[in-house]
Protein chains: 2
Amino acid sequence: MLGGMQDFELRVPRLLDHAEREHAAREVVTHWADGRETRTNWAGIARDARRLAQALEKLGMKPGDRIATLAMNHGHHLIAWYGAIGMGGVIHTINPRLFDEQLVYIANHAEDRVLFYDKLFQPIIDRLKSQWTTIEHYVCFDDGSFDALIAAQDGNYRWAEGPERAPCMLCYTSGTTGNPKGVLYEHRSTVIHAMCEVSPMVFELSSRASCLPIVPMFHAAAWGLPFAAPMAGSKMVYAQVNDPAVLCRLMNQERVTHSAGVPTVWLGMFQYMDAGGEPPRHLKLVTIGGSAAPRAMIERIMGMGVEVKHLWGMTETSPIGTAGSPPPDWDEMSLEQKLDRVTKQGQIPFGVELRVVTDDGAEQPRDGTSSGRLQIRGPWVVKRYFKAAADGIDADGWFDTGDVAVIHPDGTMQITDRAKDVIKSGGEWISSVELENAAVGCAGVAEAAAIGVYHPKWDERPLLLVVKKPGAEPTPAEITAHLAQHVAKWWLPDEILFVDALPHTATGKILKTELREQYRDYRLATAA
Amino acid sequence: MLGGMQDFELRVPRLLDHAEREHAAREVVTHWADGRETRTNWAGIARDARRLAQALEKLGMKPGDRIATLAMNHGHHLIAWYGAIGMGGVIHTINPRLFDEQLVYIANHAEDRVLFYDKLFQPIIDRLKSQWTTIEHYVCFDDGSFDALIAAQDGNYRWAEGPERAPCMLCYTSGTTGNPKGVLYEHRSTVIHAMCEVSPMVFELSSRASCLPIVPMFHAAAWGLPFAAPMAGSKMVYAQVNDPAVLCRLMNQERVTHSAGVPTVWLGMFQYMDAGGEPPRHLKLVTIGGSAAPRAMIERIMGMGVEVKHLWGMTETSPIGTAGSPPPDWDEMSLEQKLDRVTKQGQIPFGVELRVVTDDGAEQPRDGTSSGRLQIRGPWVVKRYFKAAADGIDADGWFDTGDVAVIHPDGTMQITDRAKDVIKSGGEWISSVELENAAVGCAGVAEAAAIGVYHPKWDERPLLLVVKKPGAEPTPAEITAHLAQHVAKWWLPDEILFVDALPHTATGKILKTELREQYRDYRLATAA
C-alpha cells in the first residue's frame, strides 16, 4: 500500500472503554422492583463487566457461546451484556412474555449455556428447567448471586479480541407464525448502528443526556440504547418495573432528558398525571416505537414542550429503519402540519435504504399514495437468520419487512399495514390498520380487527370484528357511518360482527392469523 | 457462518447517494468572487459528480489516480471531490498559499494527472506548469471549462466499486521543516469520521442545518464537512472569497446555522459588525479550529446567543481529534466557568484515543497540570504517510502529534505548546505559547515569539522577541511586569529583544525554526 489510515476493528467493547475513559463518572441508576435504588457509573459498569467476563471464562465459556438473560431493565443486565460480549460471547436476550413453548424452543435453538434471570421470573425457570437442554448455569440477578459471582473476580482482564464481523448478540423475533427466528448481530453492525443512533437524526445523544429507556432490554436490543449511550457518555436510568408513578418520579429525580418506549407506556403516564401526579419536567425528547402513537398522544407530549419522534424498525434491523426528524422548515409549520409529519414513521438515516415495491417487485414512486411491500437493506440489517440454511434477503440485498407502506415525496415513510393483513379487493389494497384505527375512534368501540374474507367477485372484502365497550351498544350502521368519514367508500366493511374478545399475541398484538383461520369459511351476505 | 448481518462497504459515494435520495432538494449555494450566486442541490451535485466521473474516465483516469484541485470554496469544487472519488480516484486538494517550491514538490510527488483550478490561481499555473511533470489536463473551474466538461456527459454512470480500505483523498501537511508529507485518507476512515462529525459531540448536523464552512477546502479535508453534510442532509453555503461583508450577508440570506473556521475570520467579522454591518442572525454553532480562539472572541460570539466549540486536530487526523462539548452541568455553570471550558481544545469523541506522555514514553496522569507530548490513535488517524517507507506510528498505534498538552480530570484536552517549541529549563517545560499569549496582552506589543536558547546551568532559558505596535515604546521591564501577572516566576524570559518583524510560514504561523537557527549562538547575559 502507498500509505493509509490506521487499522481499527469496530468492536463493541470499545464503546464501554470509551465511556470508562471519557465519561467515567456519568451515572447508571437502577430502581429495583423492591424499591431499592442503586447507583454506579460507566467506570463501575466497565469494571464489573470485566469481572463478569472473567467469571464466564472460569465457567468454561468460549468465544461465540451464547449467554442468555431473562430479565427486565437494570444495571446488572447491562453488565451482563458487556461481560458476555467482552469475553467474546454472544448475549442472548430472551423475552419473558413469550409462551412456554417458545421459551423452550428459543433457548434450545440458541444453545444457551448460561442464563441470568430476575427472581421475578423464577417460576418460569422452575417450570422449564427440565426442558432446557443446553443451559448449564443459572444465575439470579437480584438475589445476591450475581453480585457474589463478580465479587469473586479481580477484574484484571482484557477484552477478547476478534474480527469486527464476529457475532455479539442474538435476539429472536416473536412472529405470529412458525418458530421464532434468531437475528445474530455483529460487532461491526452494532457499532455502526450506534453511531447512527447518537446523531440528531435519531436520539441526538451527548454526555448531557440522561436516558430512561422504558423499552425492555429484551426488545430488539433495547433499541440499541445500551450501545449508543456509552458512545455518547449519556447517563442511564433504569426501572425494573414500569409503574408510571415510579417512572415520573425517576424522570424528575434523575433529570431525565430522553425516554424511549411503546405508546401504551404513555397512556399510563397520562393517567398518573391526570390523577395529580407530577409530570416529568426535564424531558427533551420522547421516542416512540413498537407501534404507532395516536395523534392525540403526540399532541399532548408536544404540548409539554417535548420533541416527539417515531422510530420504525424491527429486530431484523437492529432496529433503526426510520426515525422522525424535524424538516428544515419546522419552525414555520402549523401544529397540524407538525402533527401530520410526526404521526408518520419518520425519515431514513444514512446507512439504510428503504423502498416500496408491488407484489411483482416493481419499485413504487415516492408519491405518498402508491403503497406496496416495504423493503430495507443496509449494514445493520439481517442477512441470514441464525442457523438458517439460506439468506433471508434477495439477490440485491433487500430484506422484505412484511410491512405495507408508502413513502412521501419528502422522504417520510408511513406504514399502512402488515403485508399479510392487507385486504386485497379487486386488485387494490385496503389497509386493515386504517380501518381498525378509524373504528376504535367510534363511540362504544373498545377494540376492532379488520380481516379480508373470501368474495367471489372481489377476491376479498373486509369483515370488521368489534368488541364493545362495557355498557355501550354501538350499531353496525353507526360504526359504518363513522368509518365513512375517515376512509374511502369502497374500503367500508361489508359486514360488522360483534365479538366478546379478540385473540392476542404474547406481545399484545391482535392475532390476525387465528381470526383469518376462524373466519376462513365465513360467507358474506354480499357474496350471495 | 451461523447467520449474520449484511455486507456493506463503507464507501464515500454512499454519502452522496444518501443525500440524493433523502435530501435531494436541500441546496448547495455558491457566492463566486465576481459576485454571482449560483444554486444547486444535493440531487444536482450527485448528477454533476456522475458526469464528472464519466469525463475523468474519458480522459483516461483509472482508479487510484490522483486528481488535484487548486481552488477556494464553491459547489464546483465539491463536485470535483465526488466526481474524482466516485470514479475510484483520489482527490488531492493543494493549498494555493504554499511556496512555489512546495507546490512543485507536492504535485510531482502525488503524481497528479489532472488539475482543476480557480482562475484566480492562473498565475500559479503559468509559473509552475513547466515544472509539474505529471499533470496532463488543466481545467479551470470558473471560466466555463468545467461546465463544458460535465455538460458533454450524459450522467449515466454507476460509481466505481472497490474495497472500503481503498484511498479516496490526499492532503499534504505544510510542516515547517522538510518536504510536505501526504496523508492518504481511505473510504472507510472518511465515512466513520463523518459519522463522528454529525454527532452532537462535533457538528451536531441534521437536515435543518445550513453550513457555511469558512475553512478552505484545501485545509485538512475542509474539516470533513463535505462528507458530513450530505450524510446529514444539511444545506451548504460556499463563498469563493472570505470578505466579512459577503459572509455576514450570506449567513443571513441563507439562514446559516453552522459556521466553521480559523479564529482570524472572526476578527474580520467583528470589525465589519463594529462598523455597522449586520450581524448574523441565525447562527447556532460556531466551530473554531486551526489555532486557539482568544477568550474575548469566544465570549463575544457566545454573547450573540451562539454556541462556540473548539476543534483540535490535524491533517493526519482527518482532522477531528477533540471537539468542545458542553458538560452535563453546563446550565449551572457561571460565564467564567463556561469560558474556562470552551477556551480549551475540547473532549475526545468515540473512535479516537488521546494520551499525554513524557519524553520517556510514560503516560501522564489526567490532572490538568502534567504536560507532555500529545499522542493519538484511531480509525481516522494516519498509519503511514503517502509513499513513506515505514509507518508513522509506534508499535501500539500511537501517532505523535508534535503538540504538548495536558488532559484535565474531566477529559478536556488543552494544548500548551508545540513539542519542538517548548523551552526545556532545568528538566521542566516552559510553554512558549503561553509566554507569547501573555506578551501580546501587554500594551504596545504587536507580536511576540518565545524561544529557548542555550544556558549552561538550565540547558535552555526563554528569550522573548517582540515586535512593537507602531508608535508604541514598551520597555522590557514593563513587559516583564505584565508577564509576571500571568506566568510562574521561573518562566519569565531571561531577556527581551525588540525586532522589526518575525518570520512566518505560508499559513501565517511564526517560523520558530528560523528564529532558533538565528539565535543559536546567542549568549544570554544570565549565562555569563
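Residues numbered from 1 in each chain as written. Chains lettered and ligands numbered in written order. Predicted model: local features only at pLDDT ≥ 70, side-chain atom pairs only at ≥ 80, totals over all residues. Heavy atoms only, no water.

Trainee: Which parts of the structure should I look at to understand the overall build of chain A?
Mentor: The helix and strand tally for chain A stands at 15 helices and 25 strands. Here the C-alpha radius of gyration of chain A, 24 Å, is about what a compact globule of 528 residues would show, namely 24 Å. On the principal axes, the C-alpha backbone points of chain A span a range of 75 × 60 × 50 Å. Classification of the 528 residues of chain A by burial places 61% in the buried group. Partitioning the contacts of chain A with sequence separation of at least 6, the portion at a separation of at least 24 is 67%. In the structure as shown, chain A presents an accessible area of about 19900 Å², 50% of it carried by carbon and sulfur atoms. Counting 53 positive and 66 negative side-chain charges, chain A places the averaged centre of each group 3 Å from the other. (Helix = DSSP H or I, 4+ residues; strand = E, 2+ residues; numbered from the N terminus. Rg over C-alpha atoms; globule rule 2.2 N^0.38 Å. Buried < 20%, exposed > 50% of the residue type's maximum accessible area, 1.4 Å probe, protein only. Contact = heavy atoms within 4.5 Å. Areas by Shrake-Rupley, 256 points an atom, 1.4 Å probe, with all protein chains shown as cover. Lys, Arg positive; Asp, Glu negative; His and termini not counted. Charge placed at Lys NZ, Arg CZ, Asp CG, Glu CD.)

Trainee: Can you walk me through the interface of chain B and chain A in this structure?
Mentor: For an interface, size is often stated in terms of accessible area lost upon the parts coming together. Taken together, the contacts link 72 residues of chain B with 72 residues of chain A. When the two sides are added together, the surface that chain B and chain A hide from each other amounts to roughly 5600 Å², 56% of it contributed by carbon and sulfur. Counting the surface chain B buries against chain A, the share from its top three residues, Met5, Gln6 and Phe350 of chain B, is 18%. One can count 14 salt bridges joining chain B with chain A. (Buried area = accessible area lost by both parts, 1.4 Å probe. Salt bridge = Lys/Arg side-chain N within 4 Å of Asp/Glu carboxyl O.)

Trainee: Before we go on, may I ask you to explain the packing of helix α10 (residues 263-274) of chain B against helix α11 (residues 295-303) of chain B in this structure?
Mentor: All names here are of chain B. The contact between α10 and α11 brings their axes to 11 Å, and the two run at 55°. On the basis of the axis angle, α10 is oblique to α11. Crossing geometry of α10 relative to α11 is assigned as left-handed. Residues Pro263, Trp266, Leu267, Phe270, Met273 and Asp274 of α10 form the contact with α11, whose participating residues are Met297, Arg300 and Ile301. For the contact of α10 with α11, the per-class residue count stands at seven nonpolar, no polar and two charged. (Axes fitted to C-alpha atoms, helices over the stretch in contact; angles between N-to-C directions. Parallel < 35°, antiparallel > 145°, perpendicular 65-115°, else oblique. Left-handed = near helix turned anticlockwise from the far one by under 90°. Nonpolar A, V, L, I, M, F, W, Y, C, P; charged D, E, K, R; others polar.)

Trainee: Please explain the relation of the copies chain B and chain A as it appears in this structure.
Mentor: Mapping between the two copies of the chain is achieved by a rotation about an axis and a shift along the axis. At an RMSD of 0.1 Å, chain B and chain A line up after a rotation of 180° and a shift of 0.0 Å along the axis. Here the copies are linked by what is in effect a two-fold axis. Relative to the rotation axis, the C-alpha of Ser199 of chain B is the closest in chain B, positioned 2.2 Å from it. Here 100% of the contact residues of chain B are again contact residues in chain A; the copies associate through an equivalent surface. (Least-squares fit on C-alpha atoms with pLDDT ≥ 70 in both.)

Trainee: Would you explain the packing of aromatic side chains in this entry?
Mentor: To describe a pair of aromatic rings, you give the distance between the ring centres and the angle between the ring planes. All names here are of chain A. In total, this model carries 20 aromatic pairs over all chains according to the counting rule given. Ring centres of Phe116 and Phe141 lie 5.6 Å apart, and the angle between their planes is 20°; on these two criteria the pair is classed as stacked. Highlighted residues: Phe116 in strand β6 (residues 114-117) and Phe141 in the loop between β7 (137-140) and α6 (145-151), separated in sequence by 25 residues. Accessibility expressed as a relative area gives 0% for Phe116, which makes it buried. (Phe/Tyr/Trp six-rings, centres within 6.5 Å; stacked < 30°, edge-to-face > 60°.)

Trainee: Sorry if this is basic, but what is going on with the sheet that holds strand β15 (residues 320-323) of chain B here?
Mentor: Residue and element names in this part refer to chain B. Spatially, eight strands are ordered β3-β2-β11-β10-β12-β13-β14-β15 in an open sheet, and the strand pairing comes out mixed. Lying at the two open borders of the sheet, with one neighbouring strand each, are β3 (37-41) and β15. Within the sheet, the average angular offset between the axes of one strand and its neighbour, ignoring direction, is 20°. Sheet analysis places strand β10 (residues 210-213) next to strand β12 (residues 258-261), joined by three bridges and oriented parallel. The partner of Leu212 across the bridge, within β12, is Ser259. Along the sheet face, helix α2 (residues 42-58) touches β2 (27-31), β3 and β11 (235-239) and points at about 85° away from the line of β3. Taken strand by strand, α11 contacts β13 (285-288) and β14 (307-313), and its axis lies near 140° from that of β14. (Pairing = 2+ DSSP bridges.)

Trainee: Where do I start with the state of the cysteines in this structure?
Mentor: Simply put, the disulfide is a covalent bond whose two ends are the sulfur atoms of two cysteines. With the rule as written, the count across this model stands at zero disulfides over all chains. Looking at Cys168 of chain A, it has no disulfide partner, and the nearest cysteine sulfur is the one in Cys171 of chain A, 9.3 Å off. (Disulfide = S-S within 2.5 Å.)

Trainee: Teacher, can you tell me more about the sheet that holds strand β16 (residues 353-357) of chain A here?
Mentor: Residues and elements named next belong to chain A. The four strands are arranged β16-β17-β19-β20 in an open sheet whose pairing can be described as antiparallel. Edge positions in the sheet fall to β16 and β20 (413-418), since each of these pairs with one other strand and no more. Strand-to-strand twist of the sheet, defined as the mean angle between neighbouring strand axes without regard to direction, takes the value 50°. Sheet topology places strand β17 (residues 372-377) next to strand β19 (residues 399-407); four bridges connect them, and they run antiparallel. Across the sheet, the residue bridging to Gln375 is Asp400, located in β19.

Trainee: Got a minute to help me understand the confidence of the model for chain A in this structure?
Mentor: Chain-level statistics for chain A give a pLDDT mean of 95 and a share of 99% at 70 or above. Confidence metrics for the complex model read pTM 0.92 and ipTM 0.91. (pLDDT = per-residue confidence, 0-100.)

Trainee: What's the story with the environment of Asp421 of chain B in this structure? I'm lost.
Mentor: Residues and elements named next belong to chain B. Mapped onto the fold, Asp421 is located in the loop between β20 (413-418) and β21 (423-425). The exposure class of Asp421 is buried, given its relative accessible area of 8%. Taking C-alpha positions, Asp421 is 21 Å from Ala484, a pair spaced 63 residues apart along the chain. Excluding residues within four positions of it along the chain, Asp421 makes contact with Ser432, Lys512 and Arg516.

Trainee: Where do I start with the pairing of strand β5 (residues 90-93) of chain B in this structure?
Mentor: As a general feature of sheets, a regular strand has side chains that alternate between the two faces. All names here are of chain B. The two faces of β5 match: Val90 and His92 on one face and Ile91 and Thr93 on the other face are all buried. Note that the unit made of strand β4 (residues 66-70), helix α3 (residues 75-86) and β5 has a crossover that is right-handed. By the bridge criterion, three bridges tie β5 to strand β8 (residues 167-173) in an arrangement that is parallel. Bridge assignment links Ile91 to a residue of β8, and that residue is Met169. (Right-handed = clockwise from strand over helix to strand, strands pointing away.)

Trainee: What should I look at first to understand unusual backbone geometry in this one?
Mentor: With the exception of glycine, most residues fall at negative phi, and the peptide bonds are largely trans. The linkage connecting Ser318 of chain A with the following residue, Pro319 of chain A, adopts the cis geometry, with an omega of 15°. Tracing the backbone shows Pro319 of chain A in the loop between β14 (307-313) and β15 (320-323). Positive phi values are uncommon outside glycine, yet Ala220 of chain A reaches one of about 45°. In this fold, Ala220 of chain A is placed in the loop between β10 (210-213) and α8 (225-232). Here the phi dihedral of Glu111 of chain B falls at roughly 55°; this positive angle occurs in a residue that is not glycine.

Trainee: How should I be thinking about the nonpolar core in this particular structure?
Mentor: Where a protein is soluble and globular, its nonpolar side chains tend to be buried together. Phe116 of chain A together with Phe116 of chain B are the most contacted members of the largest nonpolar core, which has 178 residues in total. Not counting the four nearest positions on each side in its chain, Phe116 of chain A is found in contact with Leu52, Leu56, Ile67, Ala68, Thr69, Leu70, Ala80, Val139, Phe141, Phe146 and Leu149 of chain A. (Core = buried A, V, L, I, M, F, W, Y, C linked by side-chain atoms within 4.5 Å.)

Trainee: Is there a simple way to explain the pattern of salt bridges in this structure?
Mentor: Oppositely charged side chains can pair when the atoms bearing their charge come close. All names here are of chain B. Overall, the coordinates contain 82 salt bridges over all chains when judged by the stated rule. Among the ionic pairs, Arg113 bridges to Asp65, the shortest N-O distance being 2.7 Å. Separated by 48 residues along the polypeptide, Arg113 in the loop between α4 (100-110) and β6 (114-117) and Asp65 in the loop between α2 and β4 bring together distant segments of the chain. Take Asp65: its relative accessible area is 16%, and that puts it in the buried class.

Trainee: I tried to follow helix α1 (residues 13-22) of chain A on my own but got confused; where do I start?
Mentor: Residues three or four positions apart in an α-helix share a direction because the helix packs 3.6 residues into each turn. Taken together, the buried positions of α1 of chain A are occupied by Pro13, Leu15, Leu16, His18, Ala19 and Glu22 of chain A. Check the buried side of α1 of chain A and you find it contacts α2 (42-58), α3 (75-86), α7 (187-198) and α8 of chain A.

Trainee: Would you mind going over the environment of Thr322 of chain A with me for this structure?
Mentor: Residue and element names in this part refer to chain A. Note on placement: Thr322 falls in strand β15. The sequence separation of Thr322 and Leu354 amounts to 32 residues, and the corresponding C-alpha distance is 8.9 Å. In contact with Thr322, other than residues within four places in its own chain, are His310, Leu311, Trp312, Gln345, Gly346, Gln347, Ile348, Pro349, Leu354 and Met413. Reaching out from Thr322, the side chain makes a polar contact with the backbone oxygen of Gln345 at a distance of 2.8 Å. (Polar contact = N/O pair within 3.5 Å; in protein donor to acceptor, adjacent residues only side chain to side chain.)

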